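Report on the structure
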Amino acid sequence: MNTQRRKDEIEKAYQVQVAAGLRGAAQFGAVGLGLAAIGHYSWPAFRRQTPALKAWLVTIVSVLGLCIRAETALQQHELEQRLRENSIRREARIDLARRGLVATETEIAKWKAERERARAEVAAVVAEQQASASAQ
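Small disclaimer: the values here were computed from a predicted structure and weren't measured. (Residues numbered from 1 in each chain as written. Predicted model: local features only at pLDDT ≥ 70, side-chain atom pairs only at ≥ 80, totals over all residues. Heavy atoms only, no water.)

Digging into the packing of aromatic side chains
- In total, this model carries one aromatic pair according to the counting rule given.
- Note on Trp-43 and Phe-46: the rings are 6.3 Å apart at their centroids and 15° apart in plane angle, and the pair reads as stacked.
- Residue Trp-43 is classed as exposed on the basis of its relative accessible area, which comes to 51%. (Phe/Tyr/Trp six-rings, centres within 6.5 Å; stacked < 30°, edge-to-face > 60°. Buried < 20%, exposed > 50% of the residue type's maximum accessible area, 1.4 Å probe, protein only.)

As structure tokens, this is what we get:
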């Protein structure tokens, strides 16, 4: 795997985790705030607590939500990547076997490079056809 592709995958995983973490913190923070309001109005012992303690409890719930949602999203993203990679590797093994080659890591990497090159060529031809069609 080339380094640029790896950096792109790391950046994508980071973005997925950040977005999910922010959503989780907001959702769990709202729940924590609601629970603090319910506790304030229904439980005299909680009402006597300082605002700092109440804010700390809401913050703990928010951080819990951030961690849970971010980790869940990252694990789901990794699962999708693993499934996609396994599918590509399975396709490579089948194609290489048809050619009479042993599917070593080197051969699979060459097969992937050929596949990407072929897809780029097809995309270039399609883009050229679309450009010529829109020019007319």
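Here the narrative resumes.
Points about helix 4 (residues 105-135)
- Over its 31 residues, helix 4 extends 45 Å from the first C-alpha to the last, a length consistent with the 45 Å expected when each residue adds 1.5 Å.
- Residues Ile-108, Trp-111 and Lys-112 constitute the buried set of helix 4.
- Considering only its buried residues, helix 4 is in contact with helix 3 (51-99). (Helix = DSSP H or I, 4+ residues; strand = E, 2+ residues; numbered from the N terminus. Expected span 1.5 Å × (residues − 1). Contact = heavy atoms within 4.5 Å.)

As for a nonpolar patch on the surface
- Residues Leu-53, Trp-56, Leu-57 and Ile-60 make up a contiguous nonpolar surface patch of about 350 Å² in total accessible area.
- Assignment of secondary structure puts Leu-57 in helix 3. (Patch = residues over 30% accessible without salt bridge, like charges linked within 9 Å, V, L, I, M, F, W, Y side chains within 5 Å. Areas by Shrake-Rupley, 256 points an atom, 1.4 Å probe, with all protein chains shown as cover. Salt bridge = Lys/Arg side-chain N within 4 Å of Asp/Glu carboxyl O.)

With respect to the UniProt feature "transmembrane region" (unreviewed entry) in the protein chain
- Mapped onto this numbering, the UniProt entry gives "transmembrane region" (unreviewed entry) at residues 21-43.
- The annotated region residues 21-43 carries 96% helix and 0% strand content, and the separation between its end C-alpha atoms amounts to 31 Å. (UniProt positions renumbered as here; feature names shortened; annotations may be inferred.)

Observations regarding the side chain of Lys-112
- Tracing the sequence through the fold places Lys-112 in helix 4.
- With residues near it in sequence (within four places) discarded, Lys-112 still touches Glu-85 and Ile-88.

Overview of the pattern of salt bridges
- This model, assessed by the stated rule, comprises nine salt bridges.
- The closest approach of N and O atoms between Glu-85 and Arg-5, which form a salt bridge, is 3.8 Å. Of the two residues, Glu-85 is situated in helix 3 and Arg-5 in helix 1 (residues 3-42); the sequence distance between them amounts to 80 residues.
- On the basis of relative accessible area, Glu-85 is assigned to the partly exposed category, the value being 23%.
- The partly exposed category is assigned to Arg-5, whose relative accessible area is 28%.
- Between Asp-95 and Arg-99 there is a salt bridge; the shortest N-O distance is 3.0 Å. Here Asp-95 pairs with Arg-99, and both are found in helix 3, just four residues apart, close to one helical turn.
- Arg-99 sits in the partly exposed class, given a relative accessible area of 44%.
- Here the salt bridges share partners, and the residues they tie into one network are Arg-5, Glu-9, Glu-85, Lys-112 and Glu-116.

What to know about the UniProt feature "coiled-coil region" (unreviewed entry) in the protein chain
- Mapped onto the present numbering, the UniProt feature "coiled-coil region" (unreviewed entry) falls on residues 101-128.
- Counted over residues 101-128, helix gives 86% and strand 0%. Its end C-alpha atoms are 35 Å apart.

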